[in-house]
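Listed below are the residues making up each chain.
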Amino acid sequence: MNNIQKAAVIGCGFVGSSIAFTLMQSGIFSELVLIDANRDKAEGEAMDLSHGLPFTHPMDIRAGDYDDVADCALVIVTAGAGQKPGETRLDLVHKNVAIFRSIIPEIARRNRDAILLIVSNPVDVLTWAAWKLSGYPANRVLGSGTVLDTARLKYLLGERLGVDSRSVHAFIIGEHGDSELAVWSGANVSGISLDHFCELRGYYEHDKADEWLQREVRDSAYEIIRRKGATYYGVAMAVERIVRAIVRDEHSVLPVSNLLQGQYGIDGLCMSIPAVVGRNGVEDTLEIPLSPAEREALRDSAATLRGVVDSLEL
Ligand code: 6V0
């Protein structure tokens, strides 16, 4: 029987430790196990985080091994190499698939009922690999997908329009990577269509602005990596949001990466479209209306991923 208050984070580098820090402050779990190929790193992070416990909620944060995963409701995987300056997410595929071949069977052998939340890049390919390697049902294997990219879009739109980014409703879908796309056709600010809202705020050049925003979102990670070597705070907040939706059974609509089974004519690939996320992981995926150009861009994004997935022997 899994313990809904217990989770494991596998990979305790920049991303894993930032996720642990975020989860510790959210008070969602009473037990968090940190696992890393470098045991000292996991122990050091657990010690450092634990020293903050008197300022937050009581819980147990400790370094562990795969036996500790046996009763975890949620296993978050961030292990693997990150992008170096100039590298794309897809450049990481072979290194990180090899790492997943060693990690995922260790989890699946000990726990058949957990939810796997994949964060390592290329996240769509690795979510697919985790689904294959685990033998879990697809609804319980999801990736952070374009939740972060969507947050970047909301942030940029909020800044530009001078409104709370939480009032912006828009999605980035497709690959978490260079072929991702914004769904402009349904974007709105508190129910007012985006174009109309922009005009209310004095902006009229919609096509130019859309192109600029999409480029800014797509290139954000490259820009951050060029300046500080890695990205981790934004993704940690995105992961906390997904985790909260799962553990509290919120049925939140989030663009997580999940196996598509015919939606938009795409089959057998993991990528992001809006999904209802709750206690069972992905409860439903939503085939939201897309313009013809958006449909085509989504199919192109799928074709990019298809090429990579087909080259893997899993
Ligand atoms: P990092 O700081 O190098 O940490 C990686 C950690 O994984 C290290 O501590 C390693 O020791 C550990 N590790 C490696 N192999 C294993 C293994 N077999 N078992 C257990 N642990 C292992 O990298 P960082 O934390 O910056 O990035 C981790 C991954 O997250 C990378 O693939 C990034 O590309 C990816 N990101 C994903 C994002 C997303 O939106 N999905 C965002 C940012 C980064």
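Residues numbered from 1 in each chain as written. Predicted model: local features only at pLDDT ≥ 70, side-chain atom pairs only at ≥ 80, totals over all residues. Heavy atoms only, no water.

1. Some thoughts on the UniProt feature "modified residue: Phosphotyrosine" (unreviewed entry) in the chain
Going by this rule: UniProt positions are given in the numbering used here, feature names are shortened, and annotations may be inferred rather than shown by experiment. Strands are runs of DSSP state E lasting at least 2 residues, helices are runs of H or I lasting at least 4, and numbering of each runs from the N terminus. Only heavy atoms matter for contacts: two residues are in contact if any of them lie within 4.5 Å across the pair.
Under the UniProt annotation, the feature "modified residue: Phosphotyrosine" (unreviewed entry) is placed at Tyr222. Checked against the element boundaries, Tyr222 lands in helix α7 (residues 206-228). Beyond its immediate stretch of four places on either side in the chain, Tyr222 contacts Gln83, Glu87, Thr88 and Asp178.

2. Some details on the pattern of salt bridges
The cut-off we apply is this: The salt bridge criterion pairs a side-chain nitrogen of Lys or Arg with a carboxyl oxygen of Asp or Glu, the two atoms within 4 Å. With a 1.4 Å probe rolled over the protein chains alone, any residue whose accessible area is under 20% of its type maximum counts as buried; one over 50% counts as exposed, and the rest are partly exposed.
Evaluation of the coordinates by the stated rule reveals 18 salt bridges. For Asp60, the salt bridge identified is with Arg62, shortest N-O distance 3.0 Å. Overall, Asp60 belongs to the partly exposed group, its relative accessible area being 32%. Measuring nitrogen to oxygen at the nearest pair gives 2.7 Å for the salt bridge that ties Glu106 to Arg110. Of this pair, Glu106 and Arg110 both sit in helix α3 (residues 93-110), 4 residues apart, which is roughly one turn of that helix. Overall, the relative accessible area of 29% leaves Arg110 in the partly exposed class.

3. Observations regarding the UniProt feature "domain: Lactate/malate dehydrogenase C-terminal" (unreviewed entry) in the chain
On the UniProt side, "domain: Lactate/malate dehydrogenase C-terminal" (unreviewed entry) is annotated at positions that read residues 146-309 here. When the span residues 146-309 is considered, its composition is 48% helix and 20% strand, and the gap between its end C-alpha atoms is 18 Å.

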